[in-house]
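Structural overview
Spelled out, the chains give:
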Amino acid sequence: MAEPFQLKHETFFDIQMKSDVAHNPVVAGFSTRHGGFSDKPFQSLNLGLHVNDNPNDVVRNRIKLAEALGTTLDQWVFAEQVHGKEIQKVSAGDRGKGSTIMKTGMIGKDGLYTKDRDTVLALAFADCVPVFFSAPGHSIVGIVHAGWKGSVLGIARDMVELWKQDEGIPVEDIKVWIGPSIQQCCYEVDERVISNVDKVADSRYSPYTRKDSEDKFMLSLQRLNQQLILQTGIPEKNIQVSDHCTSCEVSTFFSHRKEKGQTGRMLGFIKLL
Ligand SMILES: [Zn+2]
């Protein structure tokens, strides 16, 4: 499968949505660490307000990305993320929330969706999995933040369930993109994580491998999320997965694991045109 995330600008990767464009124009993608104003260890396009970077630099960085996408920052909606499973429906009236001060954002939410145009949904990442949702013809977009906890809690599956139940959208119409994140090559976890994964994963297609002679495992959060999303009945062909590894590609992305917690944040973003 062709890589769905392609570098469009110094500051971001664009999701290649191809045939969907005629039905339901969507702008979506994932930022890089380049083209910003932040100093070490946030060099340079840190977009997270919660990592002790200079907030003025972070806001300048956000404005730069917003402008690169042909938007203004006051159209953007952010969340204060907690590695949970709460999803918030956002409207045009929420625009600007969390854009310059985190506590004005959607508190305690790790998933956002909207049916309103020109309302940019944004979540912050540094290894965790960004999952993007669109349903061509139904004017709806969404995004979730899934680290191992959110993945196990099924936040990505829950977005599809919400769209089915609350919005009346058939699963066949829902498309999903699993974005750049730490991949199985670099994501070592311990028994505690794996015991939680085992409760929800399909044992026939285990999303992890055990390391030789160690109580350590290499986990694919991409495969875990894909499995849980498939439980909704969504066709497999509707799910696309990025091969970009934020840890391997630390010259392009921030990686919490690779940089031992001292690093910035990328944004995953999506909006209806
Ligand atoms: Zn890797």
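Anything mentioned here points back to the structure above.
Residues numbered from 1 in each chain as written. Predicted model: local features only at pLDDT ≥ 70, side-chain atom pairs only at ≥ 80, totals over all residues. Heavy atoms only, no water.

Observations concerning the overall build of the protein chain
Put simply, the test is: Helix and strand labels come from DSSP, where a helix needs a run of H or I of at least four residues and a strand needs a run of E of at least two; each type is numbered from the N terminus. Only the C-alpha atoms count toward the radius of gyration. The rule for a globule is 2.2 Å times the residue count to the power 0.38. Accessibility here uses a 1.4 Å probe with only protein chains present; expressed as a share of the type maximum, an area under 20% marks a residue as buried, one over 50% as exposed, and anything in between as partly exposed. Note on areas: Shrake-Rupley with a 1.4 Å probe; residue coverage comes only from the protein chains shown. Two residue types count as positive, namely Lys and Arg, and two as negative, namely Asp and Glu; His and chain ends fall outside the count. By convention, the charge on Lys lies at NZ, on Arg at CZ, on Asp at CG and on Glu at CD.
Scanning the protein chain from terminus to terminus reveals five helices and 17 strands. Its C-alpha atoms give the protein chain a radius of gyration of 17 Å, near enough to 19 Å, the size a compact globule of 273 residues would have. Overall, the protein chain is about 50 × 45 × 35 Å in size when its C-alpha atoms are taken along their principal axes. Buried positions account for 55% of the 273 residues belonging to the protein chain. When the accessible surface of the protein chain is split by element, carbon and sulfur atoms take 48% of a total near 11500 Å². Looking at the protein chain, you have 32 positive and 34 negative side-chain charges, and the mean spots of the two groups are 1 Å apart.

Description of the coordination of the zinc ion
This is how the line gets drawn: Excluding water, the donors of a metal are its N, O and S neighbours within 2.8 Å, or within 3.2 Å for Na, K and Ca, and that exclusion means sites may look incomplete. For a four-donor site, all angles between 85 and 135 degrees give tetrahedral; for four or six donors, opposite pairs above 155 degrees with the remaining angles between 65 and 115 give square planar or octahedral; all remaining cases count as irregular.
Within the protein, Cys185 (SG), Cys186 (SG), Cys245 (SG) and Cys248 (SG) serve as the donor atoms for the zinc ion, at 2.3 Å. Coordination at the zinc ion is tetrahedral, judged from the four donor atoms that bind it and the angles of 102 to 114 degrees they form at the metal. Counting residues between consecutive donors of the zinc ion along the chain gives the motif C-C-x58-C-x2-C. With Cys186 in the loop between β12 (175–178) and β13 (188–190) and Cys245 in the loop between β16 (239–241) and β17 (266–272), this pair connects stretches of sequence that are 59 residues apart. A relative accessible area of 21% places Cys186 in the partly exposed class. Relative accessible area serves as the criterion here: at 3%, Cys245 is assigned to the buried category.

Re the packing of helix α3 (residues 155–165) against helix α5 (residues 221–230)
Put simply, the rule is: Each axis is a line fitted through C-alpha atoms, taken for helices only over the stretch in contact, and angles between the N-to-C directions span 0 to 180 degrees. These descriptions rest on fixed angle ranges, namely under 35 degrees for roughly parallel, over 145 for roughly antiparallel, 65 to 115 for roughly perpendicular, and the rest for oblique. The crossing is said to be left-handed when, going from far helix to near helix, the turn is anticlockwise and less than a right angle, and right-handed when the turn is clockwise. Pairs of residues are marked as contacts when any of their non-hydrogen atoms sit within 4.5 Å. Just so you know the grouping, Ala, Val, Leu, Ile, Met, Phe, Trp, Tyr, Cys and Pro go in nonpolar, Asp, Glu, Lys and Arg go in charged, and all remaining residues, Gly too, go in polar.
Put simply, α3 and α5 touch, their axes get as near as 8 Å, and they point 30 degrees apart. Classified by the angle between their axes, α3 and α5 sit roughly parallel to one another. Our pair here, α3 against α5, has a crossing hand that is right-handed. Of the residues in α5, those in contact with Ala156, Arg157 and Val160 of α3 are Asn225, Leu228 and Ile229. Looking at the contact of α3 with α5, its residues break down into four nonpolar, one polar and one charged.

Examining the side chain of Asn61
Mapping Asn61 onto the fold places it in helix α1 (residues 55–68). For Asn61, a relative accessible area of 0% gives the class buried. Non-local contacts of Asn61, meaning those with residues more than four positions away in its chain, are made with Gly36, Phe37, Ser38, Ser44, Leu45, Asn46 and Leu47.

Let's talk about the packing of aromatic side chains
To be explicit about the condition: Paired rings are identified among Phe, Tyr and Trp, the last through its six-membered ring, by centres lying within 6.5 Å, and are further divided according to the angle between planes into stacked (under 30 degrees), edge-to-face (over 60) and tilted (the rest).
Under the criterion given, the structure shown has ten aromatic pairs. Here Phe5 and Phe132 contribute two aromatic rings whose centre-to-centre distance is 5.7 Å and whose plane-to-plane angle is 55 degrees, an arrangement assigned as tilted. One end of the pair, Phe5, is in strand β1 (residues 5–9); the other, Phe132, is in strand β10 (residues 129–134), and 127 residues separate them in sequence. Each of the two residues, Phe5 as well as Phe132, counts as buried. Ring centres of Phe12 and Phe269 lie 5.9 Å apart, and the angle between their planes is 80 degrees; this geometry places the pair in the edge-to-face category. Taken together, the positions of Phe12 in strand β2 (residues 12–15) and Phe269 in strand β17 put the pair 257 residues apart, joining distant regions of the chain. An identical accessibility class is assigned to Phe12 and Phe269; each is buried.

Some thoughts on the pairing of strand β9 (residues 120–125)
Just so we agree on the cut-off: Should DSSP find at least two bridges between two strands, the strands are regarded as paired.
β9 sits mainly inside the fold: six of its six residues count as buried. Judged by which residues are buried, β9 turns out to be covered on both faces: Val120, Ala122 and Ala124 on one side and Leu121, Leu123 and Phe125 on the other are all buried. Looking at chain direction, strand β4 (residues 76–77) and β9 are connected through two bridges and run parallel. By the bridge assignment, Val77 is partnered in β9 with Leu121.

A closer look at the sheet that holds β13
Within the open sheet, the three strands sit side by side as β13-β15-β14. Their pairing is antiparallel. In this open sheet, the two strands that pair with only one neighbour each are β13 and β14 (208–210). Direction aside, neighbouring strands of the sheet carry axes that sit 35 degrees apart on average. By the bridge criterion, three bridges tie β14 to strand β15 (residues 216–219) in an arrangement that is antiparallel. From the neighbouring strand, Thr209 faces β15, where its bridge partner is Met218. Here helix α4 (residues 191–200) sits on the sheet in contact with β13, β14 and β15, set at roughly 85 degrees to β13.

Focus on the environment of Cys245
Expressed as a C-alpha distance, the spacing of Cys245 and Asp14, which sit 231 residues apart in the sequence, is 16 Å. In contact with Cys245, other than residues within four places in its own chain, are Ser181, Ile182, Gln183, Cys185, Cys186 and Phe253.

Fair warning: the whole summary comes from geometry, so function is off the table for now.
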